[in-house]
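Structure assessment
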Amino acid sequence: MTMSAASTLLSGLRTRQATSPALIWYGPAGERIELSGKVLDNWVAKTSNFLVDELDAEPGLRVHLDLPIHWKTLVWALAAWQTGCTVVLGSLDEGAHVDVTVTDAADSGAEGTVVAVALGALDLAFPADLPAGVVDYAAEVRSYADTYMEGARPDGGQPALEVAGPTAARELNGTVSYGSLGTLLEAADDSAEVLLASAPDLPLVLEEAVGTWASGGAVVLTAAGVEPDERVLASEKVTKRLEA
């Protein structure tokens, strides 16, 4: 996905889906969080600006996402692609420049910058003391702008995603270039389905979410172990379920 393709995807979220649901999260404590297309784009923009200003993001920066299936994980992936970074999933390798984690970061093993992410919707800071040098995402991100000015673009052959270990994703498997991601995005139709994504396979969730948003649809994302009942499926108007 070239930068223009990433921008096109996010532009659709903040225009044709500006006030309609784009991402709905059901958490382990029963919480429901709804992000319209504009709000989702704002979170991605803030995170993109955080990446650039705080972490010196540029095309080629390797960002390891040590995060569970969560709405903030999707925000991070979109922000990394918007800024031209390479998203690394699976085991942390020595080449990652930024390690994004939900732990207190004491044992991350990262040699580069470590970012601790609080997953609580209302968390204004990480809910534990952090080691010196670890960046607190929740405490910093809200101060950044709601819009992102596109910078340098990666070339089509640059890795957009690297996945360590097996995955059920049909397209997002192994090392995926920006050009390949662009092809995936362009193949989306206009079905505008509401996707229920509850698979444990993050690359598969990313693949299906990107296709759903590209078609103007919405993603209902659930935490591990959370199975929406028929009432929820009906109220969210789910039309497609993700099968791992």
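Above this note sits the structure.
The structure presented is a predicted model; accordingly, all values stated were derived computationally and were not measured. (Residues numbered from 1 in each chain as written. Predicted model: local features only at pLDDT ≥ 70, side-chain atom pairs only at ≥ 80, totals over all residues. Heavy atoms only, no water.)

The next subject is the pairing of strand S8 (residues 159-163). Across the 5 residues that make up S8, a large majority, 4, are buried. Summarising the sheet, strand S4 (residues 86-89) and S8 pair through 3 bridges and their orientation is parallel. Bridging from a neighbouring strand, Val 88 pairs with Glu 162 of S8. (Buried < 20%, exposed > 50% of the residue type's maximum accessible area, 1.4 Å probe, protein only. Helix = DSSP H or I, 4+ residues; strand = E, 2+ residues; numbered from the N terminus. Pairing = 2+ DSSP bridges.)

To continue, consider unusual backbone geometry. Unlike most non-glycine residues, Asp 56 shows phi in positive territory, near 55°. Relative to the helices and strands, Asp 56 resides in the loop between helix H2 (37-55) and strand S3 (62-66). Of note, the phi angle at Lys 237 is positive, near 60°, even though the residue is not glycine.

Right, let's talk about the sheet that holds strand S2 (residues 32-36) for a bit. Overall, mixed pairing links the 5 strands, which are arranged S2-S1-S11-S10-S12 in an open sheet. Strands at the two margins of the open sheet, each flanked by one partner only, are S2 and strand S12 (240-241). In terms of strand pairing, strand S1 (residues 21-26) meets strand S11 (residues 218-222) through 4 bridges, oriented parallel. Residue pairing in the sheet places Ile 24 in a bridge with Val 220 of S11. Where H2 meets the sheet, it contacts S1 and S2, and its direction lies at approximately 90° from that of S2. (Contact = heavy atoms within 4.5 Å. Axes fitted to C-alpha atoms, helices over the stretch in contact; angles between N-to-C directions.)

Here Gly 37 lies in helix H2. Spatially, the C-alpha atoms of Gly 37 and Pro 21 are 6.3 Å apart, while their sequence positions differ by 16 residues. When neighbours within four sequence positions are excluded, Gly 37 is seen to be in contact with Leu 13, Arg 14, Gln 17, Ala 18, Ser 20 and Ala 22.

This part covers the sheet that holds S3. Spatially, S7-S6-S5-S3-S4-S8-S9 is the arrangement adopted by the 7 strands of the open sheet, whose pairing is mixed. Because the sheet does not close on itself, it has two edges, and the strands there are strand S7 (135-136) and strand S9 (175-177). Of the pairings in the sheet, the one linking strand S5 (residues 98-101) to strand S6 (residues 113-116) comprises 4 bridges and is parallel in character. Following the sheet pairing, Asp 99 is matched in S6 by Val 114. Helix H3 (residues 71-82) contacts S3, S4, S5, S6 and S8 of the sheet and is inclined by roughly 175° relative to S3.

Helix length check: H3 (12 residues) gives 17 Å between terminal C-alpha atoms against 16 Å at 1.5 Å per residue, within 8%. Among the 12 residues in H3, 12 count as buried, and that is most of the element. Of all the positions in H3, only Trp 71, Lys 72, Thr 73, Leu 74, Val 75, Trp 76, Ala 77, Leu 78, Ala 79, Ala 80, Trp 81 and Gln 82 are classed as buried. Immediately beyond the C-terminal end of H3, within one or two residues, lies Gly 84, with a positive phi of roughly 85°. (Expected span 1.5 Å × (residues − 1).)

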